[in-house]
Every structure is written in structure tokens, then in C-alpha cells.
Amino acid sequence: MSNILTYVIFLPLVGSALLLFAGGEWKTAIKTAGLAISLLTFFLSLFLYFGFDPTKSDMQFTHKVMWIPAFNVSYNVGIDGLSLLLALLTTFLTPIAMLSSWASIEKRVKEYTIMLLLLETGMLGVFCSLDMFLFYIFWEAMLIPMYFIIGIWGGQNRIYAAIKFFLYTMFGSLLMLVAIIWLGYYASTQPNGRFTTDLLQLYAIGPSVPLAIQTWMFLAFALSFAIKVPLFPFHTWLPDAHVEAPTAGSVILAGVLLKMGTYGLLRFCIPLFPQATVIFLPYISALAVIGIIYGALVSMVQTDIKKLVAYSSVSHLGFVVLGIFALTEEGIQGAIIQMVNHGLSTGALFLIVGMLYDRRHTRMIDEFGGLAKVMPLFATFFMIVSLSSIGLPGLNGFVGEFLILLGAFHSVMMSHWFAIFAATGVILAAVYLLWMYQRVIFGKITNPVNQGLADLSPREIAVLVPVLVFIVWIGVYPGTFLKQSASTTQHIVSTVRSEVKPSLPFAHRVELTQPAR
């Protein structure tokens, strides 16, 4: 199955096209078909995991077909360890998101299911594209279904949130498009060169771009990805989008879409512009640490559970960015596994908040209290997921945060202060999550409405159990996943080490950085 990656990417698209012919009144059949298509995509993607060779840093499962010969643009896809984990995260969370909204979405079910499937194809395309023009097409295409998911099936201020999400991301994308075109042009100015958007060819050309221009290229890409992460201070679109999106939209937004920003930093910014990367290390690391602390502090004062979880993403993704720009194998490995961890833990938190909202139609913390008495199973799941997000040893969050902080301590910037200040984010996470959990779950039932709340249904248990399995699995035996990205991480670090000029700041530290053992 040489084209299996193409099948995985476009199976949801084919499924959504077939659903166009279904009658809008066949709600249950449409939901079942959408879930079946997303599950089939997940099981098909497992062939990627079992067929992947983690000892190689090269792209695997590649499939290249010339698309626009005049501009040397091709349909070119492939995966390495980084792409593999994020693609699997995407195919894993999509059916869970669909199942989570089984009972809550009743209007325009056909259109809703189609949008989720289109979104899955867009996300998979972003993670697997090896042509920058193709990458840009997928990057922009996935905005459309998410815009409609928020704008049609969202909350009271859904239109405002959807437009804000779209405009923020579109603004950054246009800068990236300019940089892509310029890189293609620069390739044509090389001896025997021609315009190209082939990422693997540009990997060999990008580091030779003059530093003054490379700096601007780095900023164009980095700004686009920083908005998507979102990195402080480009985060203001995120709380509105999360709060107004339906549960499935929030799960996909937190679980997958935000990872496109950190993925882009690793896939494009660092290997294409290693010299500019070294120059901007302290500034981006500082913004990451500010985001870690700011996101945690703002989460502490929230009265809406969903907004609290939304701001926690700003804090948790700050850890990922800090790990990436430590430029050590420990830091980057931690960042990659933490992308997966955040998708699982924060995705599960949004699922739990959605289940609570379905029962009470409110997310205000002071509306609850004492739920452990009437919803003991719910309280148990909620506790495990909260501890996972905090970073309790034995659960997945600890693995990523430990590696990131270890990498930050060994960072090429010769300063432990970034790691020291970032570590306060772990403490603050325990404060805002446990405090919220205490007020919602423990104490007396002060609101009589909560007396009659039903515990988790079999469907809701089926939604949460797969996520919890991986939360524990990664926490107990992370090697299953870390080994997949080890060669990719080593390749990224060695690329920076070989391309950085001795005259640049921290250059001697980049050279001295030793691989993780």
C-alpha cells in the first residue's frame, strides 16, 4: 500500500462527499456514517504506526505527483516521527469528538458531520505535506470548516468568535505565503536552480539565505505559527473561540489545531532558518515563559470552567514552545510528546466540561458543588484528567513537562532562569485546576438542581475511556511514543548545529550541546 498516506488524508473528504447525498432528516444514519468514516480513518492510520521505521529520520510513506509543472509544484506527502504522532492524534481525536456531540447537536446534523470530516482532511494534510504550496492550501482549507463549526453550532457570541478566529489566522497566513513565494524565487536564483516549493529541496537552500533576509523570513513564518499556537501576546482569539465553540469544536481546536503552530515552528522555522532561530532564541523563550505564567494566573481567576481550560492552553503550549527553542534533544522530545499530551488531557477536559454543560446548560463554577455525591463516576474521570493536566508523575503530563524543563536547563542560552520561571507554571496549574475541582466536585450541594444530575452514560464512558488509556500509557511507558520521534529530533538538532555560524549569539553553545542519552 504505497499510497496509504494519501488514503488516510483523503478518506474523510471522500466520506463527506458521499454524505452530501444523504437526506437531512436521516440524523442517526448520518451520525453513524460520520463516526464509521472517522473510525475507519483511524484504523487505516494505524498501518502508518506499525509500518514506520523509527530508526530513520528520512520521510516515509512518501507519495509525489507533479501538480503544477510550470511552477514546479507537486502533490508531495510523507511523514517522519513528528508528523506520525500528530497525524495519529488527529485520527484518534476526530471519532471521539464526533461521538461526544452525538446527543448535543440536533440542527443541521449532515452539515455538521461533513464539516468535521473536511476539517480532519485539512488537519492531516497540514501534518503530511512536503510541498509548501500544498501545505498552505491545507492550512487555509482547514480554517473554513472550523469557522462554520464555531459560527453555526457555537454559543451566543459565536459569530464574533468565528470571525476573530478566522481573521487572526488569515493575517498570519498571508505573511507566510509571501515568505513561501520568496523562498521559491530564491531557489530559482541558485546555480541551475528553478522556482520550487518542494520542502526537502528548500531545506538545503534555506540556511544559505543571507542573514538579513533570513531574519525577515523567519519572522514571517514564526508570526503565523505564533498566532496559531497561540503564543503570548497573540492569544486573544483563543478564549473566545473555545468558549463559543461546541464541545467537539473545542476538542479539535485544543487537541489538534493549536499543534499546527508548534508543528510549524519545528518543521519550517528551525530547519529552514537555523541562523535566525539562534538570534531569536531568547526573545521567543521569554514570550513562552510569560505565556506559561500569564495563562496560569488568568486561569486562576476565571469563573467559567471552559474559559479556565482555554487559558490553561496558553500556559501549556508555552511549555511546548520553550522546549522547542531550548534546541536540545530533551527539550524537543519533550515538546513533541507534550503536544500529544495536551491534545489528550485538555481535549478530555473540554469533553468533561461539555458533559456538564449538557446537563445544566451552564459552565459557571459557582453553579456547582458537591457533584461527587451524585456523579461519582464523573468525579473520578474528572480527577484523573485534572491530575494529568497538572503533570502528576505516572500520568502523561509529567513526562512532557519533565523533558521540557530538563531541556530548558541545558538550553543553548546558558541560562537556567527560563526553566526556573517556567517551573512555577506547574505549581500554578495545580492551584487553578485543584481549586476549580474542589469547588465543582466537593462540598455540599448548595444548588437543588444538582441533586438530580445523572452520572456518566455508557456513551460518555466510551468517549472518555480511550483517552484515559493513553493518558496512563504515556505516563507509565512513554518510550512507545518517544522512540518514534527520536531520530527526527536528533536530525533537527544536528541540522541546527551544522548550519549555525560561529559569529552568532549562543553559537558556541549550539556546537557544544550534546545529544540526549
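Please read all numbers here as calculations on a predicted model, not as lab measurements.

Moving on, we get to the overall build of the protein chain. If you tally the helices and strands in the protein chain, you get 21 helices and 2 strands. Relative to the compact-globule value of 24 Å for 517 residues, the protein chain shows a C-alpha radius of gyration of 22 Å, a close match. For the protein chain, buried positions account for 62% of its 517 residues. Partitioning the contacts of the protein chain with sequence separation of at least 6, the portion at a separation of at least 24 is 81%. Summing over all exposed atoms, the protein chain offers an accessible surface of approximately 18700 Å²; the carbon and sulfur share of this is 70%. In the protein chain, 27 side chains carry a positive charge and 23 a negative one; their mean positions are 4 Å apart.

This part covers a nonpolar patch on the surface. Together, Val465, Val469, Val472, Trp473, Val476 and Tyr477 make up an exposed nonpolar region whose accessible area comes to about 550 Å². Tracing the sequence through the fold places Tyr477 in the loop between helix H19 (458-476) and helix H20 (479-499). Classification of Tyr477 as exposed rests on a relative accessible area of 52%.

All right, on to the pairing of strand S1 (residues 60-68) then. Sheet topology places S1 next to strand S2 (residues 73-79); 6 bridges connect them, and they run antiparallel. Across the sheet, the residue bridging to Ile68 is Val73, located in S2.

Once that is clear, we can look at the packing of helix H11 (residues 247-272) against helix H13 (residues 305-324). Their axes nearest at 11 Å, the elements H11 and H13 cross at an angle of 20 degrees. The angle between the axes of H11 and H13 places the two elements in the roughly parallel class. In this structure, H11 crosses over H13, and the sense of that crossing is right-handed. Residues Thr247, Ser250, Leu258, Lys259, Thr262, Leu265, Leu266 and Ile270 of H11 pack against Lys306, Ser313, Leu317, Val320, Val321 and Ile324 of H13. Within the contact of H11 with H13, the residues separate by chemical class into 8 nonpolar, 4 polar and 2 charged.

Along helix H5 (residues 132-141), 7 of the 10 residues are buried, which leaves the element largely enclosed by surrounding structure. Two or three places before Phe133, at the opening of H5, Asp131 has a side-chain oxygen 2.9 Å from that residue's backbone nitrogen.

Here the focus is the pairing of S2. Most of S2 is tucked away, with 7 of its 7 residues classed as buried. The alternating pattern of S2 places Val73, Tyr75, Val77 and Ile79 and Ser74, Asn76 and Gly78 on opposite faces, both of which are buried. The hairpin formed by S1 and S2 contains 4 residues between the paired strands, and Asn72 there has a positive phi angle of roughly 55 degrees.

Residue placement: Ser250 occurs in helix H11. The spacing of Ser250 and Leu46 is 204 residues in sequence and 25 Å in space, taken between C-alpha atoms. Look past the residues within four positions of Ser250 in its chain and what remains in contact with it is His242, Ala245, Gly255, Lys306 and Phe350.

Phe221, Leu257, Leu371 and Val440 are the most contacted members of the largest nonpolar core, which has 175 residues in total. Per element, the largest residue contribution to this core is 16 residues, and it comes from H11. Not counting residues within four places of it along the chain, the set of residues in contact with Phe221 comprises Met132, Met176, Ala179, Ile180, Leu183, Phe268, Cys269 and Phe273.

Now for the environment of Pro207. With respect to the helices and strands, the residue Pro207 is situated in the loop between helix H8 (199-205) and helix H9 (211-228). With 64 residues separating them in the primary sequence, Pro207 and Pro271 have C-alpha atoms 7.6 Å apart.

A few words now on the pattern of salt bridges. As enumerated under the stated definition, the model contains 8 salt bridges in all. One salt bridge in this structure joins Lys164 and Asp240, with 2.9 Å as the shortest N-O distance. Residue Lys164 is located in helix H7 (residues 158-188), and its partner Asp240 is located in helix H10 (residues 237-244); the two are separated by 76 residues in the primary sequence. By relative accessible area, which is 23% here, Asp240 ends up partly exposed. Through salt bridges with shared partners, a single ionic network connects Lys27, Lys31 and Glu106.

Another aspect to go through is the packing of aromatic side chains. One pass over the structure, following the stated rule, counts 32 aromatic pairs. Measuring from ring centre to ring centre gives 5.3 Å for Tyr49 and Phe50, while their planes differ by 90 degrees; the resulting arrangement is edge-to-face. On the numbers, 5.6 Å between centres and 45 degrees between planes, the contact of Phe221 with Phe273 is tilted. Taken together, the positions of Phe221 in helix H9 and Phe273 in the loop between H11 and helix H12 (274-300) put the pair 52 residues apart, joining distant regions of the chain. Per residue, the accessibility class of Phe221 equals that of Phe273, and both read buried. Sitting above the plane of the Trp139 ring, Lys228 keeps its charged end 5.3 Å from the centroid. The lysine or arginine in question, Arg363, covers the ring of Tyr357, its NZ or CZ lying 5.1 Å from the ring centre.

The rules behind each value
- Residues numbered from 1 in each chain as written.
- Predicted model: local features only at pLDDT ≥ 70, side-chain atom pairs only at ≥ 80, totals over all residues.
- Heavy atoms only, no water.
- Helix = DSSP H or I, 4+ residues; strand = E, 2+ residues; numbered from the N terminus.
- Rg over C-alpha atoms; globule rule 2.2 N^0.38 Å.
- Buried < 20%, exposed > 50% of the residue type's maximum accessible area, 1.4 Å probe, protein only.
- Contact = heavy atoms within 4.5 Å.
- Areas by Shrake-Rupley, 256 points an atom, 1.4 Å probe, with all protein chains shown as cover.
- Lys, Arg positive; Asp, Glu negative; His and termini not counted.
- Charge placed at Lys NZ, Arg CZ, Asp CG, Glu CD.
- Patch = residues over 30% accessible without salt bridge, like charges linked within 9 Å, V, L, I, M, F, W, Y side chains within 5 Å.
- Salt bridge = Lys/Arg side-chain N within 4 Å of Asp/Glu carboxyl O.
- Pairing = 2+ DSSP bridges.
- Axes fitted to C-alpha atoms, helices over the stretch in contact; angles between N-to-C directions.
- Parallel < 35°, antiparallel > 145°, perpendicular 65-115°, else oblique.
- Left-handed = near helix turned anticlockwise from the far one by under 90°.
- Nonpolar A, V, L, I, M, F, W, Y, C, P; charged D, E, K, R; others polar.
- Polar contact = N/O pair within 3.5 Å; in protein donor to acceptor, adjacent residues only side chain to side chain.
- Core = buried A, V, L, I, M, F, W, Y, C linked by side-chain atoms within 4.5 Å.
- Phe/Tyr/Trp six-rings, centres within 6.5 Å; stacked < 30°, edge-to-face > 60°.
- Lys NZ or Arg CZ within 6 Å of the ring centre and 35° of its normal.

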